[in-house]
Amino acid sequence: MEEVKDLIVVGGGAAGLTAGIYSSRARISTLILNEGAVGGQMVLTDEIANYPGVEKTNGYLLASTMKKQARDFGCKIKSNLKIKSYDLEGEIKKVALEDGREFKSRSVILAPGGSPRSLHLPGEERFKGSGISYCATCDGEFFTGKEVIVVGGGNSALEEAVTLTNHARKVNIVHQFDHFQAFQHAVDQAEMNPKIEFIMESELRSFSGNGVLQEVSLEHLPSGELTRKSIDGVFIFVGYKPNTADLKGIIELNEHDEILVDADMKTSLPGVFAAGDCIQKKYRQVTTAVADGTIASLSAADYLRS
Amino acid sequence: MLHTELHEVETAAELEKLISENENLMVCCGRMGPMCIPVYGVMEELEEECDNVKFAVMAFDSPEAGIIRNDEACRGFMGLPFTMYYKDGKVAKATSSIQNMQQVKGILDEHFCTSDVNA
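Calculation rules
Residues numbered from 1 in each chain as written. Chains lettered and ligands numbered in written order. Predicted model: local features only at pLDDT ≥ 70, side-chain atom pairs only at ≥ 80, totals over all residues. Contact = placed C-beta atoms within 7 Å. Helix = DSSP H or I, 4+ residues; strand = E, 2+ residues; numbered from the N terminus. Buried ≥ 20, exposed ≤ 12 C-beta atoms within 10 Å, placed from the backbone. Pairing = 2+ DSSP bridges. Axes fitted to C-alpha atoms, helices over the stretch in contact; angles between N-to-C directions.

K.L.:
I would appreciate a short explanation of the interface of chain B and chain A in the present structure.
P.N.:
Many descriptions give the size of an interface as the accessible area lost when the pieces come together. Facing 20 residues of chain B, the contacting portion of chain A comprises 24 residues. For the side of chain B that touches chain A, the secondary-structure elements that each account for two or more residues are helix H2 (37-47) and strand S5 (90-96) of chain B.

K.L.:
Would you explain unusual backbone geometry in this entry?
P.N.:
Cis peptide bonds are those with omega within 30 degrees of zero, and the linkage from Leu 80 of chain B to Pro 81 of chain B qualifies with -5 degrees. Residue position: Pro 81 of chain B is located in the loop between helix H3 (66-69) and strand S4 (82-87). Even without glycine at this site, His 120 of chain A takes up a positive phi of about 55 degrees. For His 120 of chain A, the position within the fold is in the loop between strand S7 (114-116) and strand S8 (132-133). Note on His 120 of chain A: 7 C-beta atoms within 10 Å, which makes it exposed. Non-glycine residue Asp 257 of chain A carries a positive phi angle of around 65 degrees. Positionally, Asp 257 of chain A belongs in the loop between strand S16 (240-242) and strand S17 (272-274). Here Asp 257 of chain A falls in the partly exposed class, since 16 other C-beta atoms lie within 10 Å of it.

K.L.:
I tried to follow the sheet that holds strand S12 (residues 202-208) of chain A on my own but got confused; where do I start?
P.N.:
Pairing between the strands of a sheet comes from backbone hydrogen bonds, and it takes one of two forms, parallel or antiparallel. Residue and element names in this part refer to chain A. Sheet architecture is open: three strands sit in the order S12-S13-S14, paired in antiparallel fashion. Among the strands making up the open sheet, the edge pair consists of S12 and strand S14 (225-230). Neighbouring strand axes in the sheet, compared pairwise and without regard to direction, differ in orientation by 25 degrees on average. As judged from the six bridges shared by S12 and strand S13 (residues 215-220), these two strands associate in the antiparallel manner. If you follow Glu 203 over to S13, its bridge partner there is Glu 219.

That is the geometry; function is a separate question.
Take a look at the structure:
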């Protein structure tokens, strides 16, 4: 007979793993389906020093411990898979994978998290790791003495641009607006740095090179003028987007594609809850994701009891 | 030290031994950073299902990892991790920067025929 779980959790980041821990410990049969590596954005954090009760750790270790806790309570975890479709309206919810497998449950917690935005420009995938990077701390040293571009205008972009000046000869910040979204202290740090130049109201249009990145084309947005610029590297920091593309038209999202939930993490569909970076909220921290996951798990337990 | 569930290669000599003893070998050379950890996660997952491939990691900053950093196949690489695929003692493929499950599986299928072996 086909197994119907009590709960499927979509996503294995801080929110999803917490939901898995709480639900499994409450003897709710729980399956976590996770599209990427277990731990989500949490594993990308080098040092976590503000997680209460843990003096200092890194995201990978914290995620590994959460994963072990969930598994020890009986939670099943399947990761690095691709979800094809959702059927969340009936009493029995269905999640289908691209490999043909389908899983069923009486309730669902959506915690798919978010992922870094890419520019989706010609040549971007080809030069990833050969001149295009998404992590200054990881790859900055490969650009020692070279000239690079940082794309973005938020805190990450400006802070990483300053970090890159430790290695690069010159850092150009390319931003689409005439002002930055970053906090003023981050803007001040960048503006005071003599190695940083600003190319405002401009966007990249393409990447080119022979084996490695050598040139980009830039559009000055007010004039529409296109120019080509020789460059050694491009670092892209244009924010995060919620991983909710497959949920459009299924549950209610806001204009930023974030899932709308109430205080109990209930979505617009009965028996479907959401937690973590995918929901509409102001602050995104490991601690807030853990809190969301806890609430969603307890709400799902209430729903299953009723 | 890399905190993963994968075997960590500590010396160049050990890597050479692994290369010579394993028909199919995938080694991810990186740090505990945002571009590397997802690749380790993919490898941990695949290790459970690909019996014909040996999976290992190596710390990028170890002097011993020069055997990978300086490999001709990694010329022009400017993104961590450097991931090496060895087939019958030779480099079959090398990639730079983050790779997802689909990309890694594609390489394993192409060079190590994993889809046939583990079908």
